[in-house]
Protein chains: 2
Amino acid sequence: MIGVLGGMGPLATVDFFAKVVAATDAQDDAGHVPLLIHSDPRIPGRPAALLQGGPSPLPALMAARDRLIAAGAQGLVMACNTAHFWHAQLCEGCALPFPSIVDTACAQALQTFGRGARIGLVATRATLATHLFEAALQARGLTLVAPSNAALDDWILPAIALVKAGQPRQAGPLLVQAIRAMQADGADGIVLACTEAPLALQDAPQALQDLCVDSTTALAQATVALWQQLQAARPA
Amino acid sequence: MIGVLGGMGPLATVDFFAKVVAATDAQDDAGHVPLLIHSDPRIPGRPAALLQGGPSPLPALMAARDRLIAAGAQGLVMACNTAHFWHAQLCEGCALPFPSIVDTACAQALQTFGRGARIGLVATRATLATHLFEAALQARGLTLVAPSNAALDDWILPAIALVKAGQPRQAGPLLVQAIRAMQADGADGIVLACTEAPLALQDAPQALQDLCVDSTTALAQATVALWQQLQAARPA
């Protein structure tokens, strides 16, 4: 069973769950990945903690992690990009495999756009402030094209808030503008480094969707692969 | 936190999770219902257990229930109609509120179609064999219009298998035929008493969807109501 730290936000966790099911090549129930999904929307806000000195989500994340481990999880994933600021601390003293959404998304960006590509990021200001994606892109020979402050204020952050308020379709046109602006700034490809973003882009033109690596899909595929590895490693 | 017994099948549990989020009137993450979703597709098949003497899912369901309780669940729901054959046994020795999908769906059918209505059922042969819905409908002054054996074999069961194999859209036309046949047999309304059914009917005409009470939506609404009750009952 794979434990999922979720609820940041709930609709993004629904999307992650759907993408794990879709990424599984199964003909019936039994071929699917067993999941224990901790969808706790009460986890303190990640951007407020990182940017405004709000309460840290780490204690709640640690409690969720330990609850999943105690319930029998054999691996862990966390369906929120910003929360990966605390990923290293969550991995401390944890013997379970716990792939990072940052690493899986950036690995997929390298595969999709090739070494040397310039990568625009759809992310919260808090995720950008952590520099996690910047470092993971650089480590793979990719260059970050960050959204401007105006793009964050006018398009990206309002779009994320709309998804969290249950209005993903209204959020789409805002994100499209943010992506077009990063293309104009030289981005060869885009990483959707916020789990709300793919929900907003469901109705976007296919050509624009093809420009985007979705961190939720990348993590879902890594989750299926992790489960298959755990199954293969079982003693006969 | 509400514990969810799921994975029967996984896509139906995704649908249930999405419907809980949709049924919640929330403006941000924090307004949503905390869920712990046990999506275990390895739970032995319910129809095989009920109709063919296959292994009982009860031990696996009991283990999942106890895992959710140990992890801190304050209420339980189970996102599978057929599995409700074991609902009474799962409630034994369990102090948590555990609303039944059968009761919530039939209550909504009464509200929608009125006393005396004749209700067609989209359900597995196993669910029909349990007579759970028949009893719950009768208790509310509603009459069951069961699908014929041919409708089960040609339309309903193949449609459910298609959803479980990840092909919900191909399943739709089959269920539409089954529903039309029950209307021809006198049904005033339909209860989708299988959590795979609403996934198949996403593209069906609105007039046909309006004829249907969806047991997944009914349970999702009951889940939100249960969480609100639990919050209201907290000592100040």
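Note: the structure precedes this text.
Visitor: For the pattern of salt bridges, give the residues involved together with the corresponding values.
Guide: Tallying each qualifying case throughout the model produces 16 salt bridges over all chains. We note a salt bridge from Arg42 of chain A to Asp40 of chain A, for which the minimum N-O separation is 2.9 Å. You can call Asp40 of chain A buried: its relative accessible area is 9%. The closest approach of N and O atoms between Lys164 of chain B and Glu196 of chain B, which form a salt bridge, is 3.2 Å. Here Glu196 of chain B lies in the loop between β6 (189-192) and α10 (197-200) and Lys164 of chain B lies in helix α8 (residues 149-164), a separation of 32 residues in the sequence. Three or more residues are tied together by salt bridges with common partners; here these are Asp15, Lys19 and Asp214 of chain A.

Visitor: Provide a residue-level description of the interface of chain A and chain B, including the pertinent values.
Guide: Counting from both sides, the interface comprises 34 residues of chain A and, opposite them, 34 residues of chain B. Between chain A and chain B, roughly 2700 Å² of surface is buried when both sides are summed, and carbon and sulfur atoms account for 63% of that area. The interface formed by chain A and chain B contains zero salt bridges. If you look at where chain A meets chain B, you find five residue pairs in polar contact (both at pLDDT 80 or more). The element that contributes the greatest number of residues to the side of chain A that touches chain B is helix α1 (residues 10-22) of chain A, accounting for seven residues. For the side of chain A that touches chain B, the class distribution of residues is 20 nonpolar, seven polar and seven charged. One ladder, built from five bridges, connects strand β2 (residues 35-39) of chain A with strand β2 (residues 35-39) of chain B; its direction is antiparallel. When the bridges of β2 of chain B are listed, Ile37 of chain A appears paired with Ile37 of chain B.

Visitor: Go over the side chain of Ser100 of chain A, please, and point to the residues and values.
Guide: Residue and element names in this part refer to chain A. Examined against the element boundaries, Ser100 turns out to sit in the loop between α4 (87-91) and α5 (101-113). Only 3.0 Å separates the side chain of Ser100 from the backbone nitrogen of Val102, close enough to count as a polar contact. Looking at Ser100, its side chain comes within polar contact range of the main-chain nitrogen of Asp103, at 3.1 Å. Residue contacts for Ser100: discarding those within four places in its chain leaves His84, His87 and Leu219.

Visitor: Outline the sheet that holds strand β4 (residues 118-122) of chain A, supporting the account with residue identities and numerical values.
Guide: Residue and element names in this part refer to chain A. Spatial ordering of the open sheet is given by β5-β4-β6-β7, a layout of four strands whose pairing is parallel. One side of each edge strand has no neighbouring strand; the edge strands of this open sheet are β5 (143-145) and β7 (212-214). On average, each strand axis in the sheet is inclined to that of its neighbour by 35°, with strand direction left out of account. Both β4 and strand β6 (residues 189-192) contribute to a ladder of four bridges, which runs parallel. Its bridge partner being in β6, Leu121 is matched across the sheet by Val191. Those strands touched by helix α12 (residues 215-232) are β6 and β7, and its axis lies near 45° from that of β7.

Visitor: Describe the side chain of Thr195 of chain B, and please don't skip the residues or the numbers.
Guide: All names here are of chain B. Structurally, Thr195 is set in the loop between β6 and α10. Taking the relative accessible area as the measure of exposure, Thr195 reaches 2% and is therefore buried. The residues contacting Thr195, other than those within four sequence positions of it, are Met8, Ala12, Asp15, Ala79, Cys80, Asn81, Ile101 and Thr216.

Visitor: Could you give me a rundown of the packing of aromatic side chains, with the residues and numbers involved?
Guide: Residue and element names in this part refer to chain A. One pass over the structure, following the stated rule, counts two aromatic pairs over all chains. Consider the rings of Phe85 and Trp86, whose centres lie 5.1 Å apart with planes at 90°: the pair is edge-to-face. Using a relative accessible area of 38% as the deciding quantity, one classes Phe85 as partly exposed. According to the relative accessible area criterion, Trp86 is buried, its value standing at 5%.

Visitor: Go over the sheet that holds strand β3 (residues 75-78) of chain B with me, naming the residues and quoting the values.
Guide: Strand order in the open sheet made by the six strands is β3(A)-β1(A)-β2(A)-β2(B)-β1(B)-β3(B), with mixed pairing throughout. The open sheet terminates on both sides in strands that have one partner only, identified here as β3 (75-78) of chain A together with β3 of chain B. For this sheet the average axis-to-axis angle between neighbouring strands, irrespective of direction, equals 15°. The sheet contact formed by strand β1 (residues 2-6) of chain A and β2 of chain A spans five bridges and is parallel. The partner of Gly3 of chain A across the bridge, within β2 of chain A, is Leu36 of chain A. Across the face of the sheet, helix α3 (residues 58-70) of chain A comes into contact with β1, β2 and β3 of chain A together with β2 of chain B while running at roughly 160° to β1 of chain A.

Visitor: Now, about the layout of surface pockets: what can you tell me, with residues and values included?
Guide: Considered as a void within the structure, the largest pocket measures approximately 1300 Å³ in volume. Lining of the largest pocket is provided by 41 residues; of these, Asp15, Ala18 and Gln202 of chain A together with Val14 and Gln202 of chain B occupy positions nearest its centre. With seven residues, the top contributor of residues to the lining of the largest pocket is α1 of chain A.

Visitor: Can you lay out the relation of the copies chain A and chain B for me, pointing to particular residues and giving the numbers?
Guide: After a rotation of 180° and a shift along the axis of 0.0 Å, chain A superposes on chain B with an RMSD of 0.0 Å. In symmetry terms, the pair is related by a two-fold rotation axis. Relative to the rotation axis, the C-alpha of Ile37 of chain A is the closest in chain A, positioned 2.4 Å from it. Here 100% of the contact residues of chain A are again contact residues in chain B; the copies associate through an equivalent surface.

Quick notes on the rules
Residues numbered from 1 in each chain as written. Chains lettered and ligands numbered in written order. Predicted model: local features only at pLDDT ≥ 70, side-chain atom pairs only at ≥ 80, totals over all residues. Heavy atoms only, no water. Salt bridge = Lys/Arg side-chain N within 4 Å of Asp/Glu carboxyl O. Buried < 20%, exposed > 50% of the residue type's maximum accessible area, 1.4 Å probe, protein only. Helix = DSSP H or I, 4+ residues; strand = E, 2+ residues; numbered from the N terminus. Contact = heavy atoms within 4.5 Å. Buried area = accessible area lost by both parts, 1.4 Å probe. Polar contact = N/O pair within 3.5 Å; in protein donor to acceptor, adjacent residues only side chain to side chain. Nonpolar A, V, L, I, M, F, W, Y, C, P; charged D, E, K, R; others polar. Pairing = 2+ DSSP bridges. Axes fitted to C-alpha atoms, helices over the stretch in contact; angles between N-to-C directions. Phe/Tyr/Trp six-rings, centres within 6.5 Å; stacked < 30°, edge-to-face > 60°. 1 Å grid on protein atoms, 1.4 Å probe; cavity = no way out; pocket = protein on both sides within 12 Å on 5 of 7 lines; lining within 4 Å. Points joined across faces, edges and corners; volume = space filled by probe spheres on them. Least-squares fit on C-alpha atoms with pLDDT ≥ 70 in both.

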